[in-house]
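# Working through the structure, step by step
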Amino acid sequence: MANREIARIFLEMADMLELQGVQFKPRAYRNAALSIESLSEDISSIYSKGGLAALREIPGVGESLAKKIEEFIRTGEVKSYLKMKKEFPVDLEALGAVGGIGPKKAMRLYRELGVMDLGTLEKAAKDGKIRKLSGFGEKSEQKILSGLGFAKSGIGRMPLAEAGALASELVHMLEKCGAAEKIEVAGSYRRGKETVGDLDILVLSSNPEGVMKHFLSMYPGSSTIMKGGKRSSIRLSSGIQVDLRVFSADEFGSALMYFTGSKEHNVGMRKLAISKGMKLSEYGLFSGKKKVAGRTEGEVYKKLGMDWIPPELRENSGEIEAAGKHSLPKLVLHNEVRGDLHCHSEWSGDASGSLEGLAKMAQSLNYEYLLISDHGGPEVRIVNGLDEKKLRKQMAEIDRLNRKLEGITLLRGVETNILKDGRIDLPDSILRDLDIVLASIHSNFSQPPQTITKRIISAMENEHVDIIAHPTGRLIGSRPPLQMDFGEVLDAAKRTGTSLEINCQPGRMDLDSQHIFSAKGKVPLSLGSDSHSPSQLHLMKFGVLNARRGWCTKKDILNCLPLKDLRKKFGF
Ligand code: DGT
Ligand code: CA
Ligand code: CA
Ligand code: ZN
């Protein structure tokens, strides 16, 4: 399936275009990449059925991108991409993960020192060459060296959304194999972890040879890491490893449990089995030589006196004890979320989609409400927010739409900036008239921890601020989380009645599951897709997974409230 390759090419082209100072195009390429990645159908078959016109139906894909997709499907390459790559053979993605190296700096490092990837960057920094470049200095060389550790640790792990696209592609291809009776993707992917190292696929079959043959022929460009009768591993051309194992029906449940992990959960479960005089492995639960369970996961847990544990909780952080006492939480479900509390429209410079288009998409997701929260406030240039006058105009437009729309209510909100001294980037006169106000940090990320803590707390002390969006500001693989005293932030949130967001963007997942776990029960949490186009409203599912990993029930989540209760809570 070409979907992922095309998405990757567009993402890379976006970076390179940005580097050349091209306006708007980079965003368009990124939006297209995201919607191509989330297509469930093979893009080549979309094309073979409907030609260019069908490609243009894909959200975010216009005439010129459709032609590039066509070119790739027909020839296996995109000439304009290859040309760009030749002029600038630099791994921007890897370099970007070293804080402080944006595309512009990467360009200079390449032109002047030949830096192309993390290896050549490390060498240049260690040789003291970077400090000699004008505009870099000793301090930035030091920063690069310390950032290298962070960048290397993220290498080789893919964000959950990317893993999801690959997983459905693999399952789709395996389903075509007649010998596969059942297919499950296990490992960290099944646990909903925010990044995934490799994919672990289990297949139920009485014909392992047939499955192996099919699997090893699925990706002509891949290399085989190991090949066995019931187990093989391949490495795809993108570098991602896929492990596949075949089991029979009487062991499939225990195998699924074992390969879902985590390793820590498995160790805990095995100890528990021993304490009950049994033995647990991927082949089953045994009492002496006799197998007492193995067909399904539920059967194994039950024989050990436990409830079935949702994969998201399997990290050995209390779930084994809770399942033994039948006191696991009833984790929040996607269909219990009644609305989205963070989204952008074309009123934000970096987003697309009309208010009405967003409302329609929200309706198709069966939402009751949708908070429109475009960027607001003049001070932070990169987000270029709306001022009071434009926000009032938008509020009037939302009121007009709400009179017309049925079954969905748009709420009037904003995502404003927490300035470097903790002030809010918009006056109280407008904040007080909005339904719900989100505030977030979009600048000055490297202040010391006490300053960041105080900054967030003063934002929460503004009586009009309702929710702190993406509270730690991290970008997975490219920006570490803001350093703060999270305990103090939670206390202040409770005192001021402010909620914290679980941002659902796969590149953010912010709060992360551990922060969610510690916040839960103390302050209400809100789920926000932070959509920058209508199709991104679907990203809610990633936030739901993260909330589940943080042990949340629907009571912990603000947007599981019906609209009338949400109105009461925020007084609008
Ligand atoms: P990843 O791929 O790094 O995101 O994380 P996982 O959890 O998918 O880990 P992976 O792919 O190495 O192994 C898949 C599962 O197999 C893992 O979650 C638990 C199980 N497993 C692997 N190695 C061990 C081990 O040494 N001991 C035990 N008990 N289980 C293991
Ligand atoms: Ca794995
Ligand atoms: Ca694995
Ligand atoms: Zn934001």
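Each chain has its residues counted from 1, running along the sequence as written. Labels are handed out in written order, letters beginning with A for the chains and numbers beginning with 1 for the ligands. Only residues with pLDDT of at least 70 get local features here, since the model is predicted, and only at 80 or more are side-chain atom pairs given and counted; chain-wide, interface and lining totals rely on the full set of residues. Hydrogens and water are ignored here; the side-chain numbers use all heavy atoms of the structure.

Turning next to the overall build of the protein. Strands here mean DSSP runs of E at least two residues long; helices mean DSSP runs of H or I at least four residues long; both are numbered from the N terminus. Counting its regular elements, the protein contains 24 helices and 18 strands. Atoms counted for the radius of gyration: C-alpha only. Globule rule: 2.2 Å times residue count to the power 0.38. Whereas a compact globule of 572 residues would reach a radius of gyration of roughly 25 Å, the protein reaches 25 Å, a difference of no more than 12%. Seen through its C-alpha atoms, the protein measures out along the principal axes to roughly 75 × 55 × 55 Å. Exposure categories follow from relative accessible area, calculated using a 1.4 Å probe and restricted to protein chains: below 20% of the type maximum is buried, above 50% is exposed, and the middle band is partly exposed. The proportion of buried residues among the 572 residues of the protein is 53%. Residue pairs at least 24 apart in sequence account for 66% of intrachain contacts in the protein once pairs closer than 6 positions are excluded. Here the protein displays about 25800 Å² of accessible surface, and carbon together with sulfur accounts for 51% of that area. A gap of 3 Å separates the mean positions of the 84 positive and 73 negative side-chain charges of the protein. Only heavy atoms enter the contact rule, under which two residues are in contact if any of them lie within 4.5 Å. Computed by Shrake-Rupley with a 1.4 Å probe, the accessible areas treat only the displayed protein chains as cover when residues are assessed. A positive count includes Lys and Arg, and a negative count includes Asp and Glu. His and the chain ends are not counted in either. A charge is said to be at NZ when it belongs to Lys, at CZ for Arg, at CG for Asp and at CD for Glu.

A few words on the coordination of the calcium ion (ligand 3). In ideal tetrahedral geometry, four donors around a metal make angles of 109.5 degrees, whereas ideal octahedral geometry with six donors gives angles of 90 or 180 degrees. Around the calcium ion (ligand 3), the protein contributes the donor atoms Asp 198 (OD), Asp 198 (OD), Asp 200 (OD) and Asp 243 (OD), which lie 2.3 to 2.7 Å from the metal centre. With water excluded from the atoms, a metal site may look incomplete; its donors are any N, O or S atoms within 2.8 Å, or within 3.2 Å for Na, K and Ca. Along the chain, the residues that donate to the calcium ion (ligand 3) are spaced as D-x1-D-x42-D. Taken as a pair, the calcium ion (ligand 3) and the calcium ion (ligand 2) show a spacing of 3.8 Å, with Asp 198 coordinating each metal. Of this pair, Asp 200 sits in strand E4 (residues 199-204) while Asp 243 is found in strand E7 (residues 241-247), placing the two residues 43 residues apart along the sequence. By relative accessible area, which is 11% here, Asp 200 ends up buried. Of the residues examined, Asp 243 reaches a relative accessible area of 4% and is grouped as buried.

Surrounding the calcium ion (ligand 2) are the protein donor atoms Asp 198 (O), Asp 198 (OD) and Asp 200 (OD), which sit 2.2 to 2.6 Å from the metal. Each label reflects the angles at the metal, where four donors whose angles all fall between 85 and 135 degrees are tetrahedral, four or six donors whose opposite pairs open beyond 155 degrees and whose other angles stay between 65 and 115 are square planar or octahedral respectively, and the rest are irregular. In this structure, the calcium ion (ligand 2) is surrounded by six donor atoms whose angles at the metal cover 68 to 166°, and the resulting shape is irregular.

Here the focus is helix H23 (residues 540-549). Burial of H23 is extensive: eight of the 10 residues sit out of reach of the surface. For H23, the complete set of buried residues consists of Met 540, Phe 542, Gly 543, Val 544, Asn 546, Ala 547, Arg 548 and Arg 549. In this structure, the buried side of H23 is in contact with helix H10 (160-175), strand E11 (339-340), strand E17 (499-503), helix H22 (513-519) and strand E18 (525-528). Following H23 by one or two positions, Trp 551 adopts a phi angle in the positive range, close to 70°.

What follows covers the site of ligand 1. Neighbouring residues of ligand 1: 16 residues in total, closest Arg 157, Ser 188, Arg 191, Gly 197 and Asp 198. Notes on ligand 1: free accessible area 600 Å², of which the protein chains cover 72%. Put simply, the parts of the chain that give the shell around ligand 1 at least two residues each are helix H11 (187-190), helix H13 (252-260) and helix H14 (263-275). Basically, the charged four are Asp, Glu, Lys and Arg, the nonpolar ten are Ala, Val, Leu, Ile, Met, Phe, Trp, Tyr, Cys and Pro, and anything else, Gly included, counts as polar. The residue inventory of the shell around ligand 1, partitioned by class, reads three nonpolar, seven polar and six charged. Any residue with a heavy atom positioned within 4 Å of a molecule or strand is treated as near that molecule or strand.

Turning our attention to the sheet that holds strand E8 (residues 279-281). Pairing between two strands requires that DSSP report at least two bridges joining them. As summarised here, the arrangement of the three strands in space is E8-E9-E10, forming an open sheet in which the pairing is antiparallel. Two strands bound the open sheet, and with one partner strand each, they are E8 and strand E10 (290-293). Neighbour-to-neighbour, the strand axes of this sheet turn through a mean angle of 35°, independent of strand direction. The pairing of strand E9 (residues 284-287) with E10 spans three bridges and is antiparallel. Paired with Phe 286 across the bridge in E10 is Lys 291. Angular values range over 0 to 180 degrees, each being the angle between N-to-C directions of two axes fitted as lines to C-alpha atoms, with helices fitted over their stretch in contact.

Of the two faces of strand E12 (residues 369-372), the one holding Tyr 369 and Leu 371 and the one holding Leu 370 and Ile 372 are both buried throughout. By the bridge criterion, two bridges tie E11 to E12 in an arrangement that is parallel. Each bridged residue has a counterpart across the sheet, and for Asp 340 the counterpart in E12 is Leu 370. You can see the chain leave E11, run along helix H17 (residues 355-364) and come back into E12, and the turn it takes is right-handed. Of the pairings in the sheet, the one linking E12 to strand E14 (residues 409-417) comprises four bridges and is parallel in character. Looking at E14, one finds that Leu 370 is bridged to Leu 410. Here a crossover is taken to be right-handed if, once the strands point away from the viewer, the path from the first strand over the helix to the second is traced clockwise.

What follows concerns the packing of aromatic side chains. Centres within 6.5 Å are what make two rings of Phe, Tyr or Trp a pair, Trp counting through its six-membered ring; a difference in plane orientation under 30 degrees is then read as stacked, over 60 as edge-to-face, and the rest as tilted. Applying the stated criterion across every chain yields a total of six aromatic pairs. Judged by centre distance (5.6 Å) and plane angle (90°), the rings of Phe 88 and Tyr 110 are edge-to-face. With a gap of 22 residues between them, Phe 88 in the loop between helix H5 (79-87) and helix H6 (92-96) and Tyr 110 in helix H7 (residues 103-113) connect regions that are remote in the sequence. A relative accessible area of 21% places Tyr 110 in the partly exposed class. Ring geometry for Tyr 258 against Phe 259: centres 4.8 Å apart, planes inclined by 80°, an arrangement best described as edge-to-face. Think of it as a cone above the ring: NZ of Lys or CZ of Arg counts as a charge over the ring if it is within 6 Å of the ring centre and within 35 degrees of the ring normal. When the ring centre of Phe 136 is taken as origin, the NZ or CZ atom of Lys 105, which lies over that ring, is 5.4 Å away. Seen from the ring of Phe 445, Arg 479 lies directly overhead, with NZ or CZ sitting 3.8 Å from the centre.

A separate point is the pattern of salt bridges. Criterion for a salt bridge: a side-chain nitrogen of Lys or Arg within 4 Å of a carboxyl oxygen of Asp or Glu. By the definition in use, this model includes 36 salt bridges. Across the pair Arg 131 and Glu 138 runs a salt bridge, and its minimum N-O distance is 3.9 Å. Across the salt bridge formed by Arg 495 and Glu 461, the nearest N and O atoms sit 3.3 Å from each other. Linking Arg 495 in helix H21 (residues 486-496) with Glu 461 in helix H20 (residues 449-461), this pair joins segments that are 34 residues apart in sequence. Taking the relative accessible area as the measure of exposure, Arg 495 reaches 55% and is therefore exposed. One salt-bridge network, in which partners are shared between bridges, spans Arg 4, Arg 8 and Glu 162.

The subject of this paragraph is the sheet that holds E7. Across the sheet, five strands lie side by side as E2-E4-E7-E6-E5; this open sheet has mixed pairing. Edge positions in the sheet fall to strand E2 (182-185) and strand E5 (223-227), since each has one partner strand and no second. The sheet shows a mean angle of 20° between the axes of neighbouring strands, taken without regard to direction. The sheet contact formed by E5 and strand E6 (residues 231-235) spans four bridges and is antiparallel. Note on E6: the bridge partner recorded for Thr 224 is Ile 234. H10 rests against E2, E4 and E7 of the sheet, and its axis sits at about 25° to E4. Its contacts with the sheet place helix H12 (residues 208-216) against E4, E5, E6 and E7, and it is angled at close to 165° to E7.

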